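This is what each chain is made of:
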Amino acid sequence: CQAIRSNPRTQGVRIMFMSSLHDTFDKVTAFELGAVDYLTKPLSAEELRARVRTHIAMSRMHKRLEETVVIQTAELLQTENRYRLLFESSNDAILVNGFKDGRSTHFTEANEIACKLVGYSRKELLGMTPRDILVPQDRGGAPLSFLQALAHTRNMVFEHSLVAKSGQIIPVEVSSRRFTDDEDE
């Protein structure tokens, strides 16, 4: 059983043990060695055929599942690549962050234009929150009315000023859009 499992050409073969031993230890050992079933003698031909049919069906389903995973993984990679291309090709600075308990969380995404605009590396920006790059007079946090409006309309455009790593004040027009993902509401 171990030799079959260790050979790449035969590792997918489904192994069924048949024995006259009924001890639980023997059955557990067979499964630990890689068996998919354990049959005890005496065994009827109908039961053997039924079990073989079941394992063939399971093997086919497993193969289809593996093929589906390969296809969906390739599709997901293609989608991620398209997203990255769009995100990085934008002429606008794009910064993505979340909100928790009414406050901005760390940036989760930053494109190259955003990095150049404020003078921070992507790694540095991903360790920061929007508050860290706001002009000092605006660092008290977004007003509740802004958060409520954004929750209601889902997007807003407004003017703001950011502070670059160099200390330079940069006036910007912010187009803010609220969206949710599987992790956040």
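The structure under discussion appears in the preceding block.
Below or above, wherever it landed, is the structure these notes cover. Everything quoted here is computed from the prediction, not taken from an experiment. The residue numbering used here restarts from 1 in each chain and proceeds along that chain's sequence as written. Reporting of local features is limited, given that this is a predicted model, to residues whose pLDDT is at least 70; pairs of side-chain atoms are given and counted only at 80 or more, and all residues count toward the totals for whole chains, interfaces and linings. In computing side-chain properties, one takes all heavy atoms of the structure into account and sets aside hydrogens as well as water.

Here we look at the overall build of the chain
Defined as follows: Runs of E in the DSSP output that reach at least two residues are strands. Runs of H or I that reach at least four are helices, and both are numbered from the N terminus. Based on C-alpha atoms, the radius of gyration is set beside the globule rule, defined as 2.2 Å times the residue count to the power 0.38.
Counting secondary structure elements, the chain contains seven helices and six strands. Mapped from its N terminus to its C terminus, the chain presents α and β elements in the order α-β-α-β-α-β-β-α-α-α-α-β-β. Since a compact globule built from 185 residues should have a radius of gyration of about 16 Å, the 29 Å found for the chain marks it as more spread out than a globular shape. For the C-alpha atoms alone, the extent of the chain along its principal axes is close to 85 × 35 × 30 Å.

Points about the layout of surface pockets
Short version of the rule: Here a cavity is any set of points on a 1 Å grid over the protein atoms alone where a 1.4 Å probe fits but cannot get out, and a pocket is any open set with protein on both sides within 12 Å along at least 5 of 7 lines; a residue lines the site when it has an atom within 4 Å of a point. Grid points are joined across faces, edges and corners, and a volume is the space filled by probe spheres set on the points. Note on residue categories: nonpolar means Ala, Val, Leu, Ile, Met, Phe, Trp, Tyr, Cys or Pro, charged means Asp, Glu, Lys or Arg, and polar means any other residue, Gly included.
The volume enclosed by the second largest pocket comes to roughly 160 Å³. Lining the second largest pocket are Arg 5, Gly 12, Val 13, Arg 14, Val 36, Ser 59, His 62, Lys 63 and Glu 66. By residue number, the principal contributor to the lining of the second largest pocket is helix α3 (residues 45–89), which donates four residues. In terms of residue class, the lining of the second largest pocket is built from two nonpolar, three polar and four charged.

Comments concerning the pattern of salt bridges
This is how the line gets drawn: By definition, a salt bridge exists where a carboxyl oxygen of Asp or Glu is found within 4 Å of a side-chain nitrogen of Lys or Arg.
In total, this model carries seven salt bridges according to the counting rule given. Across the salt bridge formed by Arg 84 and Glu 80, the nearest N and O atoms sit 3.3 Å from each other. Here Arg 84 and its partner Glu 80 are both found in helix α3, four residues apart, which amounts to about one turn of the helix. Of the charged contacts in the structure, one is a salt bridge between Arg 122 and Glu 112, with a shortest N-O distance of 3.8 Å.

Structural notes on the environment of Asp 138
Structurally, Asp 138 is set in the loop between α6 (130–133) and α7 (144–153). In sequence terms Asp 138 and Ser 161 are 23 residues apart; their C-alpha atoms lie 8.7 Å from each other.

Comments concerning the packing of aromatic side chains
What counts, and what does not: Pairing of aromatic rings covers Phe, Tyr and Trp, the last counted by its six-membered ring, and requires centre-to-centre distances within 6.5 Å; plane angles under 30 degrees mean stacked, over 60 mean edge-to-face, and any other angle means tilted. Only protein chains enter the area calculation, which uses a 1.4 Å probe; residues under 20% of their type maximum are buried, those over 50% are exposed, and those in between are partly exposed.
Applying the stated criterion across every chain, the model contains two aromatic pairs. Seen from their ring centres, Phe 17 and Tyr 38 are 6.5 Å apart, and the 15° between their planes marks the pair as stacked. Taken together, the residues span a long stretch of sequence, with Phe 17 in strand β1 (residues 16–19) and Tyr 38 in strand β2 (residues 37–40) at a distance of 21 residues. A relative accessible area of 9% means that Tyr 38 is categorised as buried. Ring centres of Tyr 83 and Phe 87 lie 5.5 Å apart, and the angle between their planes is 25°; on these two criteria the pair is classed as stacked.

With respect to the environment of Val 174
Keep this limit in mind: Throughout, a contact is declared for two residues whenever any of their heavy atoms are within 4.5 Å.
Relative to the assigned elements, Val 174 resides in strand β6 (residues 169–177). Residues Val 174 and Val 157 lie 17 residues apart in sequence; the distance between their C-alpha atoms is 5.5 Å. Sequence-distant contacts of Val 174, that is, excluding residues within four places in its chain, are made with Met 156, Val 157, Phe 158 and His 160.

What to know about the nonpolar core
Under the convention used in this document: As used here, the term nonpolar core means buried Ala, Val, Leu, Ile, Met, Phe, Trp, Tyr and Cys residues forming a set that is joined through side-chain atoms within 4.5 Å.
In this structure, Phe 107, Val 118, Tyr 120, Leu 125, Met 128, Ile 133 and Leu 162 are the most contacted members of the largest nonpolar core, which totals 13 residues. Where this core is concerned, the elements lending two or more residues are β4 (103–110), α4 (112–118) and β6.

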